[in-house]
Amino acid sequence: MSCLPGAGAQRVTHHVPPRRSSGSQQLHYRSSHPVCTPVQQALQALILPLEKLQEVKGRLLQAMCKGLSRQTHAEATVKMLPTYIYSTPDGTEKGNLLVVELCQSHVRTLQVTLSGDGNQNPQVTSRIFNMPGDIIHGKGEALFDFIAQCVRQFLTDIGSPQDRLPLGFVFPFSCRQKQLDKAELISWSKGFSCSDVEGKDVVQLLQSAIRKQELYHVDVVALMNDTVGTMMTCSMGGKPCEVALVVGPGTNSCFMAEAQQVEMAEETSGRMCVNTEWGCFGDDGSLSDILTPYDQCVDQESSNSGEKRFEKLVGSLYLGEIVRHVLNTLAAQKALFVGSNVAILRTKDVLKTRHVLDMIDTEEGAVETRRVLEALGLQPSEQDCGRVQQMCRAVVSRATALCATGLAAILTHMCRSRELKQLAVNVGVDGELYQGYSRFGEIVQSVIGLLAPECVVTLLPSVDSTGLGAAMVTAVALRLAAQRQEVDWLLAPLRLSRADLERVQALMRQEMELGLGRESNANASVRMLPTYVRNTPDGTERGQFLALDLGGTNFRVLTVHVGQENIHIASKIYVIPTDIMRGTGEALFDHIIECIMDFQQEEDLMDQILPLGFTFSFPCKQMGLDKAVLLSWTKGFSASDCVGQDVVQLLREAAQRKQHLGLKVVAVVNDTVGTMMSCGYEDPNCEIGLIVGTGTNACYMEEMKNVGTVEGEEGRMCINMEWGAFGDNGCLDDIFTEYDQLVDKKTINPGKQRFEKLISGMYLGEIVRHILLMLVEKQLLFQGRPCPKLQTRDIFQTKFLTTIETDGLALQQVQAILQDLELEASFEDSMLVREVCRTVTLRAAQLCAAGMAAVVEKMRENRGLAQLAVTVGVDGTLYKMHPCFSQQLQETLRDLAPNCTVTFLCSEDGSGKGAALVAAVACRRAVAWARPLLQAPFSPQ
């Protein structure tokens, strides 16, 4: 068949193959010029300009994105198939592995022994079994039976023991993989056409055939193609490889993609190797502007016309054919082989790619060219030989430049998806074009330098990519499976079932009842302290109030003006010096009064007597709305003569000493109650307060008739649960893990605040640290390397969890966080650290939800409602700042309390504004009580 170049050959400026210049090798480009001779026409048709390569790269990037997306995958030409390979070798893999490789004309079997020494010296035993010629066109069952027979014969020959043998299956055809050991054949290629296989799971077909051979100790663990094998082989010897390129009879590439982008696999974390199947790139016509008439002829003569368009431009199965059509066209135009019988050039496959490579890539290229042409019966002149060499170089250089362009698209995609400014990566390369063309690497590096300057690439030659690579895939899969089993075992105590959470909910409810009882209160771990706050804001509160917020080394004084439509706040922060925190109580409260006076002077309030709400965030026993006895200091305070005293009275006495007679303390509350009151002003339905920050606590409005520790039956009262101590009586011991016990032992209050130590931000980082130490000890993390800094208490702060668990955070950033802690983390290490953080956070959120479920269900039952609608005012850095905690808490609560509709409202300035609102509500109630007395007629006695 003869195809003459038409309009497609009349194109202009094209990419000139790299050539030597001034002792250096680089790519050269030239401007357009008129096309004259047929030889020049042919060359120009085969040369691609840089601008065109940039366009091709952009089109491939778009095609890759379509293949990765669930919505567009079906119509994508570049399928981007998930391989379910999550990791490359780390050198610790060991054991005996069996490999079966299906080749075009034979089956190859191998036994590979890895010793875990970095995979430097694998022992390989192999054998080749030639396939009967008709088997590739027969029944699928016959093909797989033949493969299984080869396995049996091989094991017999090497005297393999009957120990379990994991097998890796190299199957170099397009498959839709659903797991590492489950893959459905999409379509045959490379001359195969066995029946009843397409759409079937080829792993299962092989496993069934192996069972028929009674090889019950052989298990097919992994399936891969030769491209994946190339990547895995090149990852040996301490050189991680994340990209592979194969340019043999066909062509393909694979790379380690961010798993969350591989929508067809439904993975959300880590990375996964994606098999691009880029040979089909252009099947939708996107490469039509670079196809020459010669390419069209090759396609028309193929068995799959219109398919595998990119592969037909670069695969070694086709390069000889492209050159043949070029030579045939030039001969027909009398530009070559004048006087020779050129009929042979119309015969398919007479010119092989190996001939083409020999003609351009050996020192005796001209001699080899004449030998090849004469072997075809041609009588080439010296000029003919030179022109044939030119055509061969143009075809091979174009193929190489297109491979490099495809590689540039992959590298740019990796760099962007990892949010890097620069990507340095090793690329494993194999195939006839790479092996047979000495300038392949030079051209690839040059094109990538121009098309993807942000990427630094090192090409690594593959050694036995299919056989040894398959063994590595299998070994890595076994290593990861063993590690996963041990990690799951270590983390299992932290993973709570629904039954576990229901039991915690029931225990919390039980402890709440004990805490409310007059007789049982002393024995309850949840103290259920009355706050004497009887109402939440109803919106009618008006006036100006002072607030004092004391809960740490810094404290605030505020003035809060409650108007008809809004609240205006002015405040100032004051510092409590360490010597005052740890001095006498008199000095401490004198300092507080001095700060209040300073603030009132600045705000011009010295002449006014304003009601004051006092937020005092230390454990207290409340005796009335304005009376609270300090039970113990925390947070570094140790002022003398305060524990056991009424803190409001201590404040009043200090005011008298400072002769500040205008101070009117009407309420003392903790930050949880302040949060509820603050949110209650925004939402009248808010009757619960929740703090989840450095510590944790909750309060809610309880029916007075249920509060046995306070006189009275009517109405409601806010109960400060002090639920951080839940479990101090041992009722949560089976929830407490060994990691929690290690954390508890090193606290200032071992055995106390047990619930808080499972939930709050002060402790989550420490729990994670102890788990990481255990994983290092078990050699599951950082390859068991000593981590001295990780031994330091509190070095792994809870804020790291917040950062590490942020959705979309690239694992390079996780690695950077760990590096700041002097922890040299691999990609897999970073994934495991993230998993530990998520496990600890999820448990905290679920336990918090179980406690809250007990609260809302009690409120619902108290009120005799089938469905309760209530709002929770919430504050605390863990709830507000952590990317997942609030959602996990709310989802678990909906599950545990389906009859309660709970809305969460974040508090703004709850501890300060809330204290003022407690004072405002108290004043409103006082006026309401006084009004009937003032309106009653005077009756003298």
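Residues numbered from 1 in each chain as written. Predicted model: local features only at pLDDT ≥ 70, side-chain atom pairs only at ≥ 80, totals over all residues. Heavy atoms only, no water.

A. Examining the overall build of the protein more closely. Assigned secondary structure in the protein consists of 28 helices and 28 strands. On C-alpha atoms alone, the protein measures out to a radius of gyration of 39 Å, which is more than a quarter above the 30 Å that the 2.2 N^0.38 rule sets for 941 residues. Taken over the C-alpha atoms alone, the protein extends approximately 145 × 70 × 50 Å along its principal axes. Across the 941 residues that make up the protein, the buried fraction comes to 59%. Long-range contacts, defined here as pairs at least 24 residues apart, represent 70% of the contacts in the protein between residues at least 6 apart. Counting every atom, the protein has about 38,300 Å² of accessible surface; 49% of that belongs to carbon and sulfur. (Helix = DSSP H or I, 4+ residues; strand = E, 2+ residues; numbered from the N terminus. Rg over C-alpha atoms; globule rule 2.2 N^0.38 Å. Buried < 20%, exposed > 50% of the residue type's maximum accessible area, 1.4 Å probe, protein only. Contact = heavy atoms within 4.5 Å. Areas by Shrake-Rupley, 256 points an atom, 1.4 Å probe, with all protein chains shown as cover.)

B. Spatial organisation of the environment of Arg-346. With respect to the secondary-structure elements, Arg-346 resides in the loop between α8 (316–332) and α9 (353–361). Classification of Arg-346 by relative accessible area gives partly exposed; the value is 43%. Expressed as a C-alpha distance, the spacing of Arg-346 and Leu-327, which sit 19 residues apart in the sequence, is 9.7 Å.

C. Focus on the packing of aromatic side chains. The final tally for this structure, using the stated rule, is 21 aromatic pairs. Judged by centre distance (5.5 Å) and plane angle (50°), the rings of Phe-169 and Phe-171 are tilted. On the accessibility criterion, Phe-169 (0% relative accessible area) is buried. The ring of Phe-736 has Arg-754 sitting right over it, with the charged end atom 3.7 Å from the ring centre. (Phe/Tyr/Trp six-rings, centres within 6.5 Å; stacked < 30°, edge-to-face > 60°. Lys NZ or Arg CZ within 6 Å of the ring centre and 35° of its normal.)

D. Local environment of the side chain of Gln-888. Mapping Gln-888 onto the fold places it in helix α27 (residues 885–896). Setting aside residues no more than four positions away along its own chain, Gln-888 makes contact with Thr-841, Leu-842 and Ala-845.

E. Spatial organisation of the sheet that holds strand β18 (residues 554–562). The sheet built from 5 strands is open, its strands ordered β19-β18-β17-β20-β23 with mixed pairing. The open sheet is flanked by β19 (567–575) and β23 (664–669), the only strands paired with a single partner. Neighbour to neighbour, the strand axes of the sheet diverge by 20° on average, direction disregarded. For β18 and β19, the ladder comprises 9 bridges, and the chain directions are antiparallel. (Pairing = 2+ DSSP bridges. Axes fitted to C-alpha atoms, helices over the stretch in contact; angles between N-to-C directions.)

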